[in-house]
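The primary structure of each chain is shown beneath.
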Amino acid sequence: MSIRFTFEKETKGAVRYKEASDQPIVGTLYLKKARLKELGLENLGPIIVTIEKEEQ
């Protein structure tokens, strides 16, 4: 399952994203600014998060 998030606001140490859906599954997502920079995601545009069931 892939979920699209859009930039909502910047906090002191994180970036807040909101789920772009009429029926949210996750809702709000906070990502640490330092990790975003390491991943090359500094432009604060939309992101897609993928959720998968772990195989056991």
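Shown above is the structure to which this text applies.
So, here's what we can say about the structure.

Parameters and conventions
Along each chain, residues carry numbers from 1 onward, in the same order as the chain's sequence is written. This being a predicted model, a pLDDT of at least 70 is required before a residue's local features are given, and a value of 80 or more before pairs of side-chain atoms are given or counted; all residues contribute to the totals for chains, interfaces and linings. With hydrogens and water stripped out, all remaining heavy atoms of the structure feed into the side-chain values. Two aromatic rings from Phe, Tyr or Trp, using only the six-membered ring of Trp, form a pair when their centres are within 6.5 Å; if the ring planes differ by under 30 degrees the pair is stacked, by over 60 it is edge-to-face, and anything between is tilted. Helix and strand assignments come from DSSP, with helices taken as H or I runs of at least 4 residues and strands as E runs of at least 2, each series counted from the N terminus. The pairing criterion is simple: DSSP has to find at least two bridges between the two strands. Axis lines are fitted to C-alpha atoms, over the contacting stretch for helices. Their N-to-C directions set the angle, which ranges from 0 to 180 degrees.

1. Section: the packing of aromatic side chains
Under the defined criterion, the tally for this structure stands at one aromatic pair. Seen from their ring centres, F7 and Y17 are 6.4 Å apart, and the 85° between their planes marks the pair as edge-to-face. Placement of F7 in strand β1 (residues 2-10) and of Y17 in strand β2 (residues 14-19) is noted, with a sequence separation of 10 residues between them.

2. Describing the sheet that holds β1
Taken together, four strands build an open sheet; the order of strands is β3-β2-β1-β4 and the sheet is antiparallel. Two strands close off the open sheet at either side, each with one partner strand: β3 (28-32) and β4 (47-50). The sheet shows a mean angle of 40° between the axes of neighbouring strands, taken without regard to direction. Sheet analysis places β2 next to β3, joined by five bridges and oriented antiparallel. Bridge assignment links R16 to a residue of β3, and that residue is Y30.

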